[in-house]
Amino acid sequence: MSLLRRRRQPPPPPPQPPPQHIDGNNASPAAVVEEKGDKEKKAKGKEVKARWSCWDSCCWLIGCICTAWWLLLFLYNAMPPSFPQYVTEAITGPMSDPPGVKLRKEGLRARHPVVFVPGIVTGGLELWEGHQCAEGLFRKRLWGGTFGEIYKRPLCWVEHMSLDNESGMDPAGIRVRPVTGLVAADYFAPGYFVWAVLIANLARIGYEEKTMYMAAYDWRLSFQNTEVRDQALSRIKSNIELMVATNGGNKVVVIPHSMGVLYFLHFMKWVEEPAPMGGGGGGDWCAKHIKAVMNIGGPFLGVPKAVTGLFSAEARDVAVARAIAPGVLDSDFLGLQTLRYVMHMTRTWDSTMSMLPKGGDAIWGGLDWSPEEGYDCNSKKSKSNDSNVYNGSDAENEKSGPNHINYGRLISFGKDVSEMFSSKIERIDFRGAIKGSNLAQANASCHDVWTEYHEFGVGGAKAVAEYKAYTADSILDLLHFVAPKMMQRGSAHFSYGIAENLDDPKYSHYKYWSNPLETKLPNAPDMEIYSMYGVGIPTERAYVYKLSSASDCNIPFQIDSSADGGSDQSCLQGGVFLVNGDETVPVLSAGYMCAKGWRGKTRFNPSGIKTYVREYDHAPPANLLEGRGTQSGAHVDIMGNFALIEDIIRIAAGATGEVLGDDQVYSDIFKWSERINLQL
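Calculation criteria
- Residues numbered from 1 in each chain as written.
- Predicted model: local features only at pLDDT ≥ 70, side-chain atom pairs only at ≥ 80, totals over all residues.
- Heavy atoms only, no water.
- Core = buried A, V, L, I, M, F, W, Y, C linked by side-chain atoms within 4.5 Å.
- Buried < 20%, exposed > 50% of the residue type's maximum accessible area, 1.4 Å probe, protein only.
- Helix = DSSP H or I, 4+ residues; strand = E, 2+ residues; numbered from the N terminus.
- Contact = heavy atoms within 4.5 Å.
- Disulfide = S-S within 2.5 Å.
- Pairing = 2+ DSSP bridges.
- Axes fitted to C-alpha atoms, helices over the stretch in contact; angles between N-to-C directions.

For the nonpolar core, give the residues involved together with the corresponding values.
In this structure, F267, I290, F311, V464 and V482 are the most contacted members of the largest nonpolar core, which totals 136 residues. Here the element with the most residues in this core is helix α10 (residues 259–270); it accounts for nine residues. Filtering out sequence-adjacent residues up to four positions away, V464 remains in contact with F311, F413, F430, F456, Y470, L478, F481, V482 and F557. In this structure, W195, Y612, Y616 and I638 belong to the second largest nonpolar core, which totals 39 residues.

So this is what it looks like as structure tokens:
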């Protein structure tokens, strides 16, 4: 008998009755209610799924962006330091050695101490004393770094960044001072270098903090007021003397950038003048302490965009933004009347007036001529070291050619005015015009952000527009008319003319020292001066303006962004006439003094200091992995240009301009310079 017992299978389930169709005739009330409930649940579910609002989409998008950002940030911090370079080389090929590494292999070592002179806006500023709204910001950066306070308390930030409108010095109860040390201007903001790349490459051949000095100063003040308030010029003098004394008597190599070029030009005159106006160093101080001055992107003769910045708080990029979003920058947007606050703040910075065009019509051109006649915005020049005198034989042909642009008309009210013959322009002189009633009489809120236009009047605005065209000579009269208080301060510290007799005692006043056309270079025949700047980038040169829309508080003028040259005239874009330069400084301003004004022994360079023009043709980065590129000619990005850095290191290590190969030119600077008839 089998001992295994079969497991009893469960009985099969009873057959289910076939589903019955429930209708209103034979269904029970409970079944009908149940079916309705099911249908309502299904319909409600579908309705819930369909309710995907715009707000849901925004939240979803923000969530995706934040997730991707944090993921990329995690991967960036987790990857080895060499990984980005590995990826870049895998895509673009092997990268060349940085200049410091390359020159160290050649045997170059630190020799001459180096002094950096930063330009406008690139140096950090920190708060030492402020009002109640700035509580907790002691020694925190108001300018440079993250700029976090702009977003947290914008009106308080504007108040503390502005200077006193009467004196050009600190307002009552506010002290903002420059950051000191190399960190003052190595980075403008996190990840955005200014001097950092140059400093790092100098360190590779042996430089360190004791042989490098950042001549930080408050770039908002007039040059002489940096000495009056902070003794900034005296600090530069004593630091240079210390560096020369502690480095075996080797003279310093000074590297100014942008407005720092004008600031150091002022310093070289100040240091030799007797006290109390000067530094009392004597007539041979520069000869004893300076080997070379290597000016980067120097606005020696000013920049046209300084005019528009003071006239209407604009430049090309602002005009584009106003065209994209009309009224936003002019309105009380988010409680901040943007352009008016910008104008209010920047018009208290006396330093901005140092960069107004110098030399008048003799340098920048008149109604019917300019040195850049015939410039083709579409042309690409090849490298040339030809500095021979230009004979001017093609001037008449260019004047009547299709590329004729009236660059001398820095401001034209209307595109037609910028193009027509000067004899056909009907102009009404604005200088004696009655300004009329105040623009802001009807709106008391305008006084919350005071500008001199609030006391200007509708009649004054019309008078300015009816003058039609402004050259470099009349621009100064225009600014005196629209901003008399600002220009009264500026005229006490800066001058914009051409000296007839440099031996006249009046030129010993500090207001002339930053104008290369009204001062002499020091008596230092062994010193070298370089003008180093980028070319190949469209740069602002002249503007088409219009009256802005009528409003109680609006700035009454604006760049006419609708004015465009089309295919026939590509130099006119968005109301701005463009010329060759580094995006900020035109070639004429950056190169003229070293190409002609100081070349050889002239009345501006009586000791015959050697001058060199070194141009760097702009080449944008090939891909995003190259960042801002190593061949850029842009005004700030050129500070990371490997060719420029290599030139600087060679001079700092003991080379001369002849070793570099003398001039390196891609533009028409020598031809344009010869068109300027100036007594030298």
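Don't stop here, the text continues.
How would you explain the state of the cysteines if you had to name every residue and give the values?
Per the stated rule, a full pass over the model turns up two disulfides. Between the sulfur of C133 and that of C156 lies a disulfide, 2.1 Å long from S to S. Between C133 and C156, the disulfide has an S-S torsion of 80 degrees and is therefore right-handed. Residue C133 is located in the loop between β2 (125–129) and β3 (141–143), and its partner C156 is located in helix α6 (residues 154–161); the two are separated by 23 residues in the primary sequence. By relative accessible area, C156 is classed as buried at 9%. With its sulfur 1.7 Å from that of its partner, C377 forms a disulfide with C571. The sign of the 120 degrees torsion about the S-S bond sets the C377-C571 disulfide as right-handed. Remark: C571 occurs in the loop between β16 (557–559) and β17 (572–573) and C377 occurs in the loop between α15 (361–364) and α16 (395–399); sequence separation between them is 194 residues. On the basis of relative accessible area, C571 is assigned to the buried category, the value being 1%.

Tell me about the sheet that holds strand β4 (residues 175–178), residues and numbers included.
Sheet architecture is open: three strands sit in the order β3-β2-β4, paired in antiparallel fashion. With one partner strand each, in any of the chains shown, β3 and β4 form the two edges of the open sheet. For this sheet, the mean angle separating the axes of adjacent strands, direction not counted, is 45 degrees. Alignment of β2 against β4, held across four bridges, turns out to be antiparallel.

Please give an account of the sheet that holds strand β19 (residues 610–617) that cites residues and values.
The sheet built from six strands is open, its strands ordered β7-β1-β8-β9-β14-β19 with parallel pairing. Strand pairing shows two members of the sheet lacking a second neighbour, β7 (212–214) and β19, which therefore form its edges. Across this sheet, the average inter-strand angle for adjacent strands is 15 degrees, counted without regard to direction. Relative to β19, strand β14 (residues 528–535) is paired through eight bridges, and the arrangement is parallel. Bridging across to β19, G534 finds its partner in Y616. The strands touched by helix α21 (residues 587–597) are β14 and β19; relative to β14, the strand with the most contacts, the crossing angle is about 155 degrees. Docked against the sheet, helix α22 (residues 642–652) engages β1 (114–117), β8 (252–256), β9 (290–296), β14 and β19, running at close to 170 degrees with respect to β9.

Just distances and angles here, no functional claims.
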